[in-house]
Amino acid sequence: MTKIIDLPDTSYVLPGNRACAGCGIGIGLRQITAALEGQMVMTVPASCLTVFGGMYPISSVEVPWVNVAFPSTAAAATGLAAGLRATGKADKMTVLAMAGDGGTGDIGIQALSGAAERNEDFIYLCYDNEAYMNTGTQRSGLTPSGARTTTTWAGKRENPKDLPAIMEAHNVPYVASTSAVFPEDVYDKVVKARAIHGLRYIHMNTPCPSGWSFDPKDTVRLGKMAVDAGIVVLYEAAAGEFRLTGRSKTLAKAGLQATVADYVATQGRFKGMTAETIADVQAWVDARWARYLVRDAG
Amino acid sequence: MSDTAIKRTVMAGNEAAATAAKLARVQVIAAYPITPQTSVVEQLSAWVESGELPAEFVTVESEHSALTVCITASTVGARVFTATSANGLAYMTEQVWWAAGARLPIVMCIANRAMAAPWNVLNDQQDSMSVRDAGWIQLYCRDNQEILDTTIQAYRIAEQLHVPVMVCYDGFLLSHTVMPVEVPSAEQVDAYLPPYEPLTVVDPDDPRNIGPVTLADPRANADGVSCHGYMEVRALHQQALLGALETIPAADAEWSELTGREWGGLTWEHLLDDAEVVLVAAGSVGMQLTVAAEALREQGVKAGVLGIRSYRPFPVDALRGKLAGRKLALVFDKALSYGNEGPICGDLKAALYGQPEAPVVFGAVCGLGGRDVTVEQLNDAANRAIADLADGVTDRAADWLNLHL
Ligand SMILES: Cc1ncc(C[n+]2csc(CCOP(=O)(O)OP(=O)(O)O)c2C)c(N)n1
Ligand code: SF4
Ligand SMILES: [Mg+2]
């Protein structure tokens, strides 16, 4: 595992971008592009990432970037890969699809499922900020239970769908779950994915100060607490072989270091959450965590 | 099929479209089946599978994805092809706009079919007419030879102008009707169609952000140079479409030098010279109108046909010139702008508005959802229009042919 001190200095993400202060996208994107050494083309649907990339004629990222319509990310990556093969340029670059949780798990899931079933040759990275942030924080299928959004004023009532599990069910060669606040975990997983052919899916939890209502200085602290609470779990399933990674691997031995109650107390979006809902979510988290431990053990 | 010789054969319209895509040496094909387009996809898939066509064939899960794959494959420099009909075209509408706005030279065949609801798989032109404003060139074909020739021409036009082209042909009436077609040789097509040179750069050594958010106003780049805003981008797109008014006839003329076949460029005509009554339509109904015009002539009416080959761009000047001094233009639309009138009829009226020698324009709606259109009905419609004109009528509601309410 790469140590944080050994991560490459080269950055393809320029110092200025249009994201909010404290946005987790930049931390993640910097490692993703570095892991691919810039030898890539990325495709991006409507999302905060589009805004991050800049407005014509100024761009914040020094890698080829193809903007596409909101539902179409996985098909767009399919077309890039097919076009590069057809024109003899496939060896020159890795195709990266990068989309939000809404673009991936809701409106884009059909294209993603199709591409996964066909095992198209690209990396799909979903950055999960747990709502439609670009349009001002509406619920997505990945918004956690209890979170208030502008379409769930009383707090969302359902748990999020488990997208990495959905992708595993497609039998793609590589599925991973990571968090933008663990740069070395993101980096290692993208490096690993880069060497694999076929559809590689990486799910990256990405704290969002604006949508979650917390102080931008706390992005990393909150992201880490989500992992310590077992709400976000770092793992990978390479060719079906499951293993916990990084901090989650440590927690498997040491036990979870935070509770759902600790975590929700840090964010304005959970303000109205009742003790009962918190207990329900805790039970849901505990059951999931137990299943991960079983899988990790072998 | 050997590619080295010109071959005379018989084929259905869908096979003509697939054959053209093959001759154009398309590199990426992505399509999703829908009646009556399906056999285009099946044919191309079989050729890719057998190795006869060295291309990527992507079996996407939807039309939205079919056109998306074409969009990004074209962005990296591949020549691409897709085809669809009706609900498939509607389903990909978001990407129809994207393809045009991104200025990608995609060629898409449309086997024209009625829109649901209610379900109907038969022919009219409501599908492609409904996306006439999306910024694509739209060419309508009369027969299967024209489908083949136009699809090849479409690549040349698209790649010159960086504008996508829809090649529209009537479902079943052409897509599934077998007729004689001359297949050009690979040499002929190669001579006509140089390899695709993309404008888009996808290269890690020269990174670009393609299709980013573009503001209303021009904006300076990092060097302080002012770059286009959204409105300038759209004005350039319109310029390209209007430029097609020259590119389309030129592409047709050069094709004719190679093959001896010429399709009229923007419009085509039959017995138009001295015609006082002009029957106007796009697609295969135009062929029926030629028979109707001949019958009207036997009846003593100086009738002729003006066919629309290029519906977008709309050949305003050509239509004005060809219709100046006529008494009546009767437009047969196989589509409707609900709450208004047939799209070609409305566009023609707009084109002729204020022209000193413009004819009276009447509309007729025919063939919706595959309702049979006979020459006899076309004739009757013409006679009704002529009678109305004789009664001093200059404006009237569309005449719906063969309607039984
Ligand atoms: C077809 C379509 N529907 C809706 C939208 C509006 N829209 C743009 S971004 C977005 C939400 C994006 O959410 P997500 O994918 O989670 O990315 P985020 O903005 O949270 O980073 C929506 C609803 C659109 N662009 N296209
Ligand atoms: S809304 Fe959230 S995800 Fe979007 S740019 Fe701001 S902090 Fe980042
Ligand atoms: Mg989101």
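Residues numbered from 1 in each chain as written. Chains lettered and ligands numbered in written order. Predicted model: local features only at pLDDT ≥ 70, side-chain atom pairs only at ≥ 80, totals over all residues. Heavy atoms only, no water.

### Let's talk about the domain arrangement of chain B
Residue and element names in this part refer to chain B.
Working step 1: Here chain B is partitioned into domain 1 (3-197 + 242-259) and domain 2 (267-400).
Working step 2: Taken together, the 28 residues of domain 1 in the interface contact 25 residues of domain 2.
Working step 3: Between domain 1 and domain 2, roughly 2100 Å² of surface is buried when both sides are summed, and carbon and sulfur atoms account for 53% of that area.
Working step 4: The salt bridge partner of R309 is E146, with a shortest N-O separation of 2.9 Å.
Working step 5: Of all elements in the fold, only α6 (126-129), β6 (137-140), α7 (144-161) and α9 (230-259) reach the threshold of two or more residues within the side of domain 1 that touches domain 2. (Domains from an automatic or database assignment. Contact = heavy atoms within 4.5 Å. Buried area = accessible area lost by both parts, 1.4 Å probe. Salt bridge = Lys/Arg side-chain N within 4 Å of Asp/Glu carboxyl O. Helix = DSSP H or I, 4+ residues; strand = E, 2+ residues; numbered from the N terminus.)

### Regarding the pattern of salt bridges
All names here are of chain A.
Working step 1: As enumerated under the stated definition, the model contains 38 salt bridges over all chains in all.
Working step 2: Measuring nitrogen to oxygen at the nearest pair gives 3.6 Å for the salt bridge that ties D106 to K161. Taken together, the residues span a long stretch of sequence, with D106 in helix α4 (residues 101-106) and K161 in the loop between β4 (122-128) and α6 (163-168) at a distance of 55 residues.
Working step 3: Taking relative accessible area as the criterion, D106 reaches 21% and is therefore assigned partly exposed.
Working step 4: Classification of K161 as partly exposed rests on a relative accessible area of 32%. (Buried < 20%, exposed > 50% of the residue type's maximum accessible area, 1.4 Å probe, protein only.)

### Points about the sheet that holds strand β15 (residues 310-312) of chain B
Think of a sheet as strands paired side by side through backbone hydrogen bonds, with each pair either parallel or antiparallel.
Residue and element names in this part refer to chain B.
Working step 1: Spatially, seven strands are ordered β3-β2-β4-β5-β7-β6-β15 in an open sheet, and the strand pairing comes out mixed. Since the sheet does not close on itself, it has two edges, and those belong to β3 (56-58) and β15, each with one partner. Sheet twist, expressed as the average angle between the axes of neighbouring strands with direction ignored, equals 20°.
Working step 2: Relative to β3, strand β2 (residues 28-30) runs parallel, the two sharing three bridges. Bridging from a neighbouring strand, I29 pairs with F57 of β3.
Working step 3: Sheet strands in contact with helix α1 (residues 13-23) are β4 (80-84), β5 (107-112) and β7 (165-170), and its direction is about 155° off that of β7.
Working step 4: Against the sheet, helix α2 (residues 38-50) engages β2, β3, β4 and β7, with an angle of about 135° to β3. (Pairing = 2+ DSSP bridges. Axes fitted to C-alpha atoms, helices over the stretch in contact; angles between N-to-C directions.)

### Brief notes about the packing of helix α10 (residues 246-254) of chain A against helix α12 (residues 275-297) of chain A
Residue and element names in this part refer to chain A.
Working step 1: Following both chains from N to C, one finds α10 and α12 inclined at 95°, their axes separated by 11 Å at the closest point. In terms of orientation, α10 lies roughly perpendicular with respect to α12. Only W289, L293 and D296 of α12 make contact with α10, whose side of the interface consists of S248, K249, L251 and A252.
Working step 2: Taken together, the residues of the contact of α10 with α12 break down into four nonpolar, one polar and two charged. (Parallel < 35°, antiparallel > 145°, perpendicular 65-115°, else oblique. Nonpolar A, V, L, I, M, F, W, Y, C, P; charged D, E, K, R; others polar.)

### Considerations on the interface of chain B and chain A
Working step 1: Counting from both sides, the interface comprises 41 residues of chain B and, opposite them, 43 residues of chain A.
Working step 2: Carbon and sulfur atoms supply 62% of the area that chain B and chain A bury against each other, a total of about 3300 Å² over both sides.
Working step 3: Summed over the shared surface of chain B and chain A, the number is three salt bridges.
Working step 4: The salt bridge partner of E56(B) is R85(A), with a shortest N-O separation of 3.0 Å.
Working step 5: Taken together, the connections running from chain B to chain A amount to 19 residue pairs in polar contact (both at pLDDT 80 or more). (Polar contact = N/O pair within 3.5 Å; in protein donor to acceptor, adjacent residues only side chain to side chain.)

### Side note on unusual backbone geometry
Across the chain, the bulk of peptide bonds are trans and the bulk of non-glycine residues have phi less than zero.
Working step 1: For the bond running from Y56(A) to P57(A), omega is 5°, close enough to zero to count as cis.
Working step 2: Structurally, P57(A) can be placed in the loop between α2 (48-53) and β2 (65-67).
Working step 3: In this chain, R312(B) is followed by P313(B) through a cis amide linkage whose omega measures 0°.
Working step 4: Its identity is not glycine, yet N171(A) carries a phi of approximately 60°, on the positive side.
Working step 5: Note that N171(A) resides in the loop between α6 and β5 (174-179).
Working step 6: Phi at L271(B) takes a positive value of approximately 50°, unusual for a residue other than glycine.
Working step 7: With respect to the helices, strands and loops of the structure, L271(B) is situated in the loop between β12 (267-270) and β13 (277-282).

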